[in-house]
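Survey of secondary and tertiary structure
Chain residues, written in single-letter form:
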Amino acid sequence: MDKSGVPDGFDVKALEWIAKDQGFKVKHQPMDWDGIIPSLNAKKIDIIASGMSINDKRKEQVNFSIPYWNIEEVIVAKKDSTLTV
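In this text the structure is predicted, and so the values were computed from the model without any measurement.

Scanning the protein chain for helices and strands turns up three helices and zero strands. Reading the protein chain from its N terminus to its C terminus gives the helix and strand order α-α-α. Against the 2.2 N^0.38 benchmark of 12 Å for 85 residues, the protein chain shows a C-alpha radius of gyration of 17 Å, more extended than a compact globule. Here the C-alpha coordinates of the protein chain stretch approximately 55 × 35 × 25 Å along the principal axes. Within the span of the protein chain, comprising 85 residues, buried residues form 13% of the whole.

In structure tokens, the structure reads:
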């Protein structure tokens, strides 16, 4: 969300570009992360456009498109630090 409460960000802009290219309209409906997949499966929303990583559990619940962005997750620490877990 931007400072005025309007949905914003990479995924929002990407979906707006796709919608314009494909000729459909988008109404963004921000919601809690835990409710995204249940809302899709209950047909309360039509699509999820929110940095969601593909994993086996999610593949059992929803159909994924071809990824439009790949992110590599890493851990960063100071070179001389000792990691405590």
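Additional details are given in the paragraphs that follow.
Here the structure, examined in full by the defined rule, presents one salt bridge. With a shortest N-O distance of 3.5 Å, Lys-13 and Asp-8 are connected by a salt bridge. Judged by its relative accessible area of 47%, Lys-13 falls in the partly exposed class.

Before going further, it helps to spend a moment on helix H1 (residues 10-22). The α-helix winds at 3.6 residues per turn, so residues separated by three or four positions along the chain end up facing the same way. With 13 residues, H1 should reach 18 Å at 1.5 Å per residue; the first-to-last C-alpha distance of 18 Å fits that figure. Of all the positions in H1, only Val-12, Ala-14, Leu-15 and Ala-19 are classed as buried. Along the axis of H1, the buried residues cluster in a sector spanning 165°; they form a single face. Relative to its buried face, H1 has exposed residues pointing more than 90 degrees away, namely Trp-17 and Lys-20. Gly-23 sits one or two residues past H1 and shows a positive phi near 80°.

Attention shifts here to the layout of surface pockets. Considering only enclosed or pocket space, the largest pocket measures out at about 780 Å³ in volume. Ile-48, Met-52, Phe-64, Ser-65 and Tyr-68 are, among the 27 residues lining the largest pocket, the residues nearest its centre. Tallied by class, residues from the lining of the largest pocket come to 18 nonpolar, six polar and three charged. By volume, the second largest pocket amounts to about 610 Å³. Considering the residues around the second largest pocket, the lining is formed by 24 residues, among which Lys-27, His-28, Gln-29, Ile-47 and Ala-49 are closest to the centre. The leading source of residues in the lining of the second largest pocket is H1, at three residues. Broken down by class, the residue content of the lining of the second largest pocket amounts to 14 nonpolar, three polar and seven charged.

Conventions and cut-offs
- Residues numbered from 1 in each chain as written.
- Predicted model: local features only at pLDDT ≥ 70, side-chain atom pairs only at ≥ 80, totals over all residues.
- Heavy atoms only, no water.
- Helix = DSSP H or I, 4+ residues; strand = E, 2+ residues; numbered from the N terminus.
- Rg over C-alpha atoms; globule rule 2.2 N^0.38 Å.
- Buried < 20%, exposed > 50% of the residue type's maximum accessible area, 1.4 Å probe, protein only.
- Salt bridge = Lys/Arg side-chain N within 4 Å of Asp/Glu carboxyl O.
- Expected span 1.5 Å × (residues − 1).
- Arc of directions from axis to C-beta.
- 1 Å grid on protein atoms, 1.4 Å probe; cavity = no way out; pocket = protein on both sides within 12 Å on 5 of 7 lines; lining within 4 Å.
- Points joined across faces, edges and corners; volume = space filled by probe spheres on them.
- Nonpolar A, V, L, I, M, F, W, Y, C, P; charged D, E, K, R; others polar.

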